[in-house]
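Topology and contacts: notes
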Amino acid sequence: MKTQLCLFLSCISLVTAQDQPKDPFVKDKKAAATAPAMPAVAAEPLAVADPSAQEAPKNVLCFVETFTLSQAEYAALLDAPDGRDKLYKLVQAAVKAGSARLDGCHLMTTKSNTRSTVESVDELIYPTAWTPADRVGFQYPTAFEMRQMGDRFEFEPDLNSENGTLNVNHVFTRDRLLGVRLFKADTTLAGVPVMDIFARQGPSSCRLIPGFPALISTLNDVQPGMITLVFATAQVITLKAPKAPAAKGTGNLFLTARMISLDRLKGWELLKKHAMDGAACLAELKPLIVAKEATLEHLATINVQSGVRATHESGLIHHYGTEFAPPSEGAPAQPSEDPKMAGTPAKPAGLAGTTSFEARNLGFRLELEPTVSEDNAFSELTLAPEFVSMKGNLKDKNWNEHYPEVPVFSMQKITTGYTQVIGATHLIGTMNPPGDTGVNDHKDEGRMWLLFMDMNLE
């Protein structure tokens, strides 16, 4: 839009220059052409050129809540007086009454026109290609793919500077493994395992009014007759520069990330009070850590210069097989038809083997790049923190003991970019463990992980 406006103004200037009316009081055209131009009115400094008058940076906060209840109750809430307008309050009341449950609560901080994601997933690695069947019908996997089971939210807001609303592109995805079944090319044979995945998502675009919860999607639940409501509440946060300028010193940025976990319902209530105030939220969590009602999961510090990408990694490097040699059948000896030539010796049966490995970093990993403003008041920060854990190998009654070991990784990750006040503590968002994904009978732990960032300029 800005490009079009600039082009429009340029065109106006060009037309004006070409179509200036002649001055009837000027007779000497040559003298008029060489006469000095009058000083422009805009020669004085414009107000927007003053850095103090520039618009303060803004962040966009998105709070996502998922509630699961029966379709019948959802229909009754909609049909209640002012049900559509008061739907969020009615659902909250249903949670307190026990007829609805809060099964997801995610938070992220981003900026206008920045695409961000939150992932709380188990990674299901499953075979997609098999060897031809041998004489007894046995087949061996030769190629694999991965699909995320759990919650994934992608969010891209566009702030309307005229009316303050947000035009949002979004998609909330929640996939679950229902089980492993055997597919048979020949009904007399054992068959090969395939994954039954219950997929749910609702990519869309809508307009959000800051501060007002909006139902952005509904998802059918795995359990028949149940439905999941996805609410999003966006907030636009205008940042204020600190009263005292940050010390220049060496110019290094000292960043400390903290991940703290607690019960989901307690975290839900905490975020409703302090989602926009990281310092207040952290202050309320510290006594809970002492009382062991919350847990400090990870703490990491990075010392880096402005405009430089830095990484922190801590955890086990887990190696696992990705390509395999299938078992081979033996062959009896073959005598030669020529008595002067030796025959072919017997070939014993070959066992399966691993031919290629990959490595996955477990534990906590933080990659970031900060850029400090000229006045040392703010920093633009892009980051991708993640926590990866190993949940054992894939297990199912239909996964043959002769198949390869397939690891199950759990990932908690945020990918975003935002502006932070230097010298302040910021609540970036949630890095929750996956819920009820169905992978290896993984059940919902009912926990929430919060990610905080302290930033100081040395």
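Refer to the structure presented above.
First, a word on scope: everything that follows refers to the structure included in this document.

Re the pairing of strand 2 (residues 101–110)
- Within strand 2, nine of the 10 residues are buried, which leaves the element mostly enclosed by the surrounding structure.
- Direction of pairing for strand 1 (residues 58–70) relative to strand 2: antiparallel, over a ladder of nine bridges. Bridging across to strand 2, leucine 61 finds its partner in threonine 109.

Examining the pattern of salt bridges
- Evaluation of the coordinates by the stated rule reveals 24 salt bridges.
- The shortest N-O distance in the salt bridge between arginine 360 and glutamate 123 comes to 2.6 Å. Within this pair, whereas arginine 360 is found in strand 14 (residues 353–361), its partner glutamate 123 is found in strand 3 (residues 116–130), the two being separated by 237 residues in sequence. You'll find arginine 360 and glutamate 123 in the same group, each marked buried.
- The shortest N-O distance in the salt bridge between aspartate 436 and arginine 176 comes to 3.2 Å. Taken together, the positions of aspartate 436 in the loop between strand 19 (425–430) and strand 20 (447–457) and arginine 176 in strand 5 (residues 166–183) put the pair 260 residues apart, joining distant regions of the chain.
- For arginine 176, a relative accessible area of 15% translates into the label buried.
- What emerges from the salt-bridge pattern is a single network uniting Arg115, Glu119, Arg152, Glu154 and Glu156.

Some remarks on the side chain of threonine 117
- Turning to its location among the elements, threonine 117 is positioned in strand 3.
- The buried category is assigned to threonine 117, whose relative accessible area is 10%.
- Look past the residues within four positions of threonine 117 in its chain and what remains in contact with it is Met108, Arg152, Phe153, Glu154, Lys413, Ile414 and Thr415.

Observations concerning helix 4 (residues 87–97)
- Buried residues of helix 4: Leu87, Tyr88, Val91, Gln92, Ala94 and Val95, and no others. Taken end-on, helix 4 shows its buried residues confined to a sector of 155°, consistent with a single buried face. In helix 4, the exposed positions that point more than 90 degrees away from the buried face belong to Lys89, Lys96 and Ala97.
- Buried residues along helix 4 sit in contact with strand 1, helix 3 (71–79), strand 8 (214–220), strand 9 (226–238) and helix 5 (264–274).
- Positive backbone phi, at 90°, marks glycine 98, one or two positions downstream of helix 4.

A word on the nonpolar core
- The biggest cluster of nonpolar side chains holds 40 residues, and the ones touching the most others in it are Leu368 and Met453.
- Of all the elements, strand 20 adds the most residues to this core, at five residues.
- Once you skip the residues sitting within four places of it in the chain, leucine 368 turns out to touch Leu255, Ile302, Val304, Val308, Arg309, Ala310, Leu381, Thr382, Leu383 and Met453.
- Listed in part, the 37 residues of the second largest apolar core include Leu107, Leu239, Leu262 and Leu270.

Each value, and the rule that gives it
Residues numbered from 1 in each chain as written. Predicted model: local features only at pLDDT ≥ 70, side-chain atom pairs only at ≥ 80, totals over all residues. Heavy atoms only, no water. Buried < 20%, exposed > 50% of the residue type's maximum accessible area, 1.4 Å probe, protein only. Helix = DSSP H or I, 4+ residues; strand = E, 2+ residues; numbered from the N terminus. Pairing = 2+ DSSP bridges. Salt bridge = Lys/Arg side-chain N within 4 Å of Asp/Glu carboxyl O. Contact = heavy atoms within 4.5 Å. Arc of directions from axis to C-beta. Core = buried A, V, L, I, M, F, W, Y, C linked by side-chain atoms within 4.5 Å.

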